[in-house]
Structure formats: C-alpha cells, structure tokens
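Fold and contact review
Here is how the chains run, residue by residue.
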Amino acid sequence: AMLLALGGISLGQFYNGRPLRGLGWGIGGIAMLILIRENILLAPAGFILLITCAIDAYFTAQEIRNHEIPFTGTSCLFWVEVMLAVGLGTALGITIIIRILSVNGIVL
C-alpha cells in the first residue's frame, strides 16, 4: 500500500479499501498540483504531502493486517486510478516520442 501511494497519491488507500480516505488524499494532491503549477517553490510541500500519504497508507495496511480495522476489499477506485495513470503515462510517452522524432526531422 505504501509503494502504491508513492506511485500515485491516494492509490494506497484505494488498495486498502478506504475510498473516502483515498478521495480526501486525491483532492489534496490535485490541489497541491494546481498550487505547484502556479508556484514551483511549493514543490517541497507536494513531496511532503506524497510522503505523508504513503505513510498513512502503510499504517492503515498495518491496522488491517493486525485486525484492528476490517478489510472491506480493494476499492473499485483503485482500478480507475490505475487505468488513468496508465493512460496518462502512455499519452506522455507518445508525446515525448513524437517530439523527439520531430526535432530530428521525422514527420509522422
């Protein structure tokens, strides 16, 4: 859960079956991205938010493992976020390849 949260903010909580908590982290992450876009000096705060989200996912997973809280199953939002991340990664990869090709004079 912690590694998933490092890969995408809120992904760890969706994996843990905590969709409301994941949505909260996701809204915070989107707000932070908007703020960082306006002022790059806020990037360290975004990094701290990401690390805090990952730590929260880790401790939630530990509580589930120790049967302190019930595991309700992985949220369907986990798969939605995974598909969005894969789609965005693919689009970014294609964009980079097209730009590299166009810089070298190759037109598609």
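Below or above, wherever it landed, is the structure these notes cover. In every chain, residue numbers begin from 1 and rise along the written sequence. Owing to the predicted nature of the model, reporting of local features is limited to residues with pLDDT of at least 70; listing and counting of side-chain atom pairs is limited to 80 or more, with chain, interface and lining totals taken over all residues. Side-chain measures here rest on the full set of heavy atoms in the structure, leaving out hydrogens and waters.

Focus on the pattern of salt bridges
Whenever Lys or Arg places a side-chain nitrogen within 4 Å of a carboxyl oxygen from Asp or Glu, that contact is recorded as a salt bridge. Taken as a whole and judged by the stated rule, the model has 1 salt bridge. In this structure, the salt-bridge partner of D56 is R21, at a minimum N-O distance of 3.0 Å. Taken as a pair, D56 in helix α4 (residues 43-65) and R21 in helix α3 (residues 19-38) lie far apart in primary sequence, 35 residues in all. In DSSP terms, a helix is any run of H or I states spanning at least four residues, a strand is any run of E spanning at least two, and both are numbered starting from the N terminus.

As for α4
What a helix is expected to span follows from its residue count: subtract one and scale by 1.5 Å. With 23 residues, α4 should cover 33 Å at 1.5 Å per step; its first-to-last C-alpha distance of 33 Å lies within 8% of that length. Those residues of α4 that sit buried are G46, L49, C53, A54, D56, A57, T60, Q62 and I64. Looking at the buried side of α4, the elements it contacts are α1 (2-7), α2 (11-15) and α3. In the segment just after α4, H67 is the residue with positive phi, at about 60 degrees. Buried, partly exposed and exposed residues are distinguished by accessible area as a fraction of the type maximum, computed with a 1.4 Å probe on protein chains only: under 20%, between the cut-offs, and over 50%, respectively. Here, two residues are considered to be in contact whenever any of their heavy atoms come within 4.5 Å of each other.

A few points about the nonpolar core
Among the buried residues, those of types Ala, Val, Leu, Ile, Met, Phe, Trp, Tyr and Cys that are joined through side-chain atoms within 4.5 Å form a nonpolar core. Grouped together as the largest cluster of nonpolar side chains are 9 residues: A5, I9, W25, M32, I36, L49, C53, A54 and A57. Elements supplying a minimum of two residues to this core: α3 and α4. With 4 residues, the single largest contributor to this core is α4. Not counting residues up to four positions away in its chain, the partners in contact with L49 are I9, W25, G28, G29 and M32.

Things to note about helix α5 (residues 76-103)
Taking 1.5 Å as the rise per residue, α5 with 28 residues should run 40 Å; its terminal C-alpha atoms sit 41 Å apart, in good agreement. A distance of 3.1 Å separates the backbone nitrogen of L77 from a side-chain oxygen at the start of α5, and that oxygen is part of S75. Within two residues after α5, G105 carries a phi angle of roughly 85 degrees, on the positive side. N or O atoms within 3.5 Å of each other form a polar contact, as long as, within protein, one can give a hydrogen and the other can take it, and as long as residues adjacent in sequence are counted only when both atoms are side-chain atoms.

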